[in-house]
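If you want the building blocks of each chain, they are given just below.
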Amino acid sequence: EGHLNPHYTFDTFIIGKGNQMAHAAALIVSEEPGKLYNPLFFYGGVGLGKTHLMQAIGNKLVADRPDAKVKYVTSEAFTNDFINAIQTNQTEEFRQEYRNVDILMVDDIQFFADKEATQEEFFHTFNDLYNDDKQIVLTSDRVPQEIPKLQDRLVSRFAWGLPVDITPPDLETRIAILQNKAEIDNLEIPSETINYIANQVDSNVRELEGVLSRVQAYSKLKGEPITTDLAYEALKGLKLETKSHQLSIVDIQSKVADYFHVSVNDLKGKKRLASIVMPRQIAMYLARELTNNSLPKIGKEFGGKDHTTVIHAYEKIAEKIKIDTDLRKEITDLKKGLG
Ligand code: ADP
Ligand code: MG
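The structure presented is a predicted model; accordingly, all values stated were derived computationally and were not measured.

**Here we look at the site of ligand 1**
Ligand 1 sits among 17 residues. The nearest are Ile 14, Gly 47, His 52, Arg 206 and Glu 209. With respect to ligand 1, the backbone of Gly 47 contributes an N or O atom lying 2.6 Å from an oxygen atom. Interatomic distance of 2.8 Å between a side-chain N/O atom of Glu 209 and an oxygen atom of ligand 1. Burial of ligand 1 by the surrounding chains reaches 91%, relative to a free accessible area of 560 Å². Of all the elements in the fold, those that place two or more residues in the shell around ligand 1 are helix H2 (50-64) and helix H9 (205-222). Tallied by class, residues from the shell around ligand 1 come to seven nonpolar, seven polar and three charged.

If you want it as structure tokens, here you go:
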């Protein structure tokens, strides 16, 4: 509870399309707390940098003004503190602690859902701070209106200031985050490999960091430098969070047909020409990798082929990818295009 992570600073935060508004607002608030955006409210999915950005505000305030009273808590910690205070007859101390601050940051307030008494207390905390022009910063995984059982008066107060969303990082941002990480950790990673890793995750910075540390650990274990081959080895078998929108086999077929200049009918047909067989196997491989369709279903979508044909295609490509850099690049390109 209550501790700022010293690494969560503006310096280490990479700005991209999905977070530039949130970043700009955070910076302004850190320079002039309680003035412009009160409360500042970040919302967005897990692992997108809400906590990082919120704590960056706190860290900057402490650095600029060592006497500033900065309080950071998760909504659970707030709730627990409050319950404790009631049980030990220390609600006055609780109020002192939460209302006698220059900035109060409460993380993940979606967990206030359902907690009537806590919401009541937080309502008064909020009003006190707000009336004193003290800064309030909040985060949640969704907009206030969508938090179940959150009192209307809180919902409306949360919208008084600036609600800003943070959306998942695009490819360029993911690459920049990885480059930055590599630099901080003193890692030598070829840019092609950074690119490869950035393409393996598309939703979440925390997961991106996880993938990088996995590659890093694998390189250490093998005593080999980080290359794309090594990254591939390290990450194969890892079931990464699939793309948010569900790809269909048809999407894959048309993309692959386009890419290799063959027709979708050829992919579904029986021609044994090498220039068609390879794209067909790649399309089946991707259908298996990127969708949740069963093997028989994939076979059916490829002109009524047997599921063993799909397995064969899948294994063939999976083996070949390991040794064939061109093929690996084609697959990466295709996946990128399908994302
Ligand atoms: P959230 O609170 O939205 O779930 P976090 O703030 O905990 O996400 O971020 C997850 C991880 O990703 C943290 O290690 C954080 O430092 C990192 N991270 C998120 N966004 C960025 C970014 N734009 N630049 C650098 N690191 C980031
Ligand atoms: Mg968080």
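**Structural notes on the UniProt feature "binding site: ATP" (unreviewed entry) in the protein chain**
Per the UniProt annotation, the sites labelled "binding site: ATP" (unreviewed entry) are Gly 47, Gly 49, Lys 50 and Thr 51. Residue placement: Gly 47 occurs in the loop between strand S1 (40-43) and H2. Each residue touching Gly 47, except ones within four places of it in the same chain, is listed here: Asn 204, Val 205 and Arg 206. Inspection of the secondary structure puts Gly 49 in the loop between S1 and H2. When neighbours within four sequence positions are excluded, Gly 49 is seen to be in contact with Phe 13 and Ile 166.

**Points about the pairing of strand S4 (residues 135-140)**
Counting buried positions over the six residues of S4 gives six, a clear majority of the element. Judged by which residues are buried, S4 turns out to be covered on both faces: Gln 135, Val 137 and Thr 139 on one side and Ile 136, Leu 138 and Ser 140 on the other are all buried. Note: S1 against S4, four bridges, orientation parallel. Within the sheet, the bridge partner assigned to Tyr 43 lies in S4 and is Ser 140. Relative to S4, strand S3 (residues 103-107) runs parallel, the two being bridged by four bridges. Directly across from Leu 104, in S4, lies its bridge partner Ile 136.

**Topic: the nonpolar core**
Within the largest apolar cluster, 50 residues are counted, with the highest numbers of intra-cluster contacts made by Ile 197, Val 215, Ile 252, Tyr 285, Leu 286, Phe 302 and Ile 331. With eight residues, helix H13 (residues 274-290) is the single largest residue contributor to this core. Beyond its immediate chain neighbours, meaning those up to four positions away, Leu 286 contacts Ile 252, Val 256, Thr 291, Ile 331, Leu 334, Lys 335 and Leu 338. Phe 41, Phe 78, Phe 122 and Ile 147 belong to the second-largest nonpolar core, a separate cluster that totals 25 residues.

**A few points about the packing of aromatic side chains**
Across all of its chains, the model carries 17 aromatic pairs by this definition. Connected via pairs of aromatic rings, a cluster forms that spans Phe 41, Tyr 43, Phe 78, Phe 82, Phe 94, Tyr 98, Phe 112, Phe 122, Phe 126, Tyr 130, Phe 158 and Trp 160. Arg 153 extends its terminal NZ or CZ atom over the ring of Phe 123, reaching a point 3.7 Å from the ring centre. Positioned over the ring face of Tyr 314 is Arg 288, at 4.8 Å from the centre of the ring.

**Examining the side chain of Asn 38**
Looking at where Asn 38 falls in the secondary structure, it is placed in the loop between helix H1 (20-31) and S1. At 3.3 Å, the side chain of Asn 38 forms a polar contact with the side chain of Gln 135. A polar contact of 2.9 Å, which involves the side chain of Asn 38, links it to the backbone nitrogen of Ile 136.

**Thoughts on the pattern of salt bridges**
For the structure shown, the criterion picks out 19 salt bridges. A salt bridge links Asp 170 to Lys 17; the nearest nitrogen and oxygen atoms lie 3.7 Å apart. With Asp 170 in the loop between strand S5 (162-165) and helix H7 (171-184) and Lys 17 in the segment before H1, this residue pair connects regions lying 153 residues apart in the sequence. Classification of Lys 17 as exposed rests on a relative accessible area of 67%. Asp 114 is paired through a salt bridge with Lys 149; the nearest N and O atoms lie 3.6 Å apart. Here Asp 114 is found in the loop between S3 and helix H5 (116-131), whereas its partner Lys 149 is found in the loop between S4 and helix H6 (152-158), with 35 residues between them in sequence. For the residue pair Asp 114 and Lys 149, the accessibility class agrees, reading exposed in each case.

What counts and what doesn't
- In this convention, every chain numbers its residues from 1, walking through the sequence in written order.
- The lettering of chains begins at A and the numbering of ligands begins at 1, in the order of writing.
- Only residues with pLDDT of at least 70 get local features here, since the model is predicted, and only at 80 or more are side-chain atom pairs given and counted; chain-wide, interface and lining totals rely on the full set of residues.
- For the side-chain quantities, the full set of heavy atoms in the structure was used; hydrogens and water were omitted.
- Proximity is defined per residue: any heavy atom of the residue falling within 4 Å of a molecule or strand makes that residue near it.
- Nitrogen and oxygen atoms within 3.5 Å of one another constitute a polar contact, given that in protein one can donate a hydrogen and the other can accept it, and given that sequence-neighbouring residues count only through two side-chain atoms.
- Accessible surface area values rest on a Shrake-Rupley calculation with a 1.4 Å probe, where residue burial reflects the displayed protein chains alone.
- A run of H or I in DSSP becomes a helix once it reaches four residues, and a run of E becomes a strand once it reaches two; helices and strands are each numbered from the N terminus.
- Note on residue categories: nonpolar means Ala, Val, Leu, Ile, Met, Phe, Trp, Tyr, Cys or Pro, charged means Asp, Glu, Lys or Arg, and polar means any other residue, Gly included.
- UniProt positions are given in the numbering used here, feature names are shortened, and annotations may be inferred rather than shown by experiment.
- In what follows, residue pairs with any heavy atoms lying within 4.5 Å of each other are defined as contacts.
- A 1.4 Å probe rolled over the protein chains alone gives each residue an accessible area, and that area as a share of the maximum for its type sets the label: buried under 20%, exposed over 50%, partly exposed in between.
- Should DSSP find at least two bridges between two strands, the strands are taken to pair.
- Side-chain atoms within 4.5 Å are what join buried Ala, Val, Leu, Ile, Met, Phe, Trp, Tyr and Cys residues into a set we call a nonpolar core.
- Pairs were defined over the aromatic rings of Phe, Tyr and Trp, the Trp ring being its six-membered one, requiring ring centres within 6.5 Å. Orientation was assigned from the angle between planes: stacked under 30 degrees, edge-to-face over 60, tilted for the rest.
- Here, a charge over a ring is recorded when the distance from Lys NZ or Arg CZ to the ring centre is within 6 Å and its angle to the ring normal is within 35 degrees.
- Criterion for a salt bridge: a side-chain nitrogen of Lys or Arg within 4 Å of a carboxyl oxygen of Asp or Glu.

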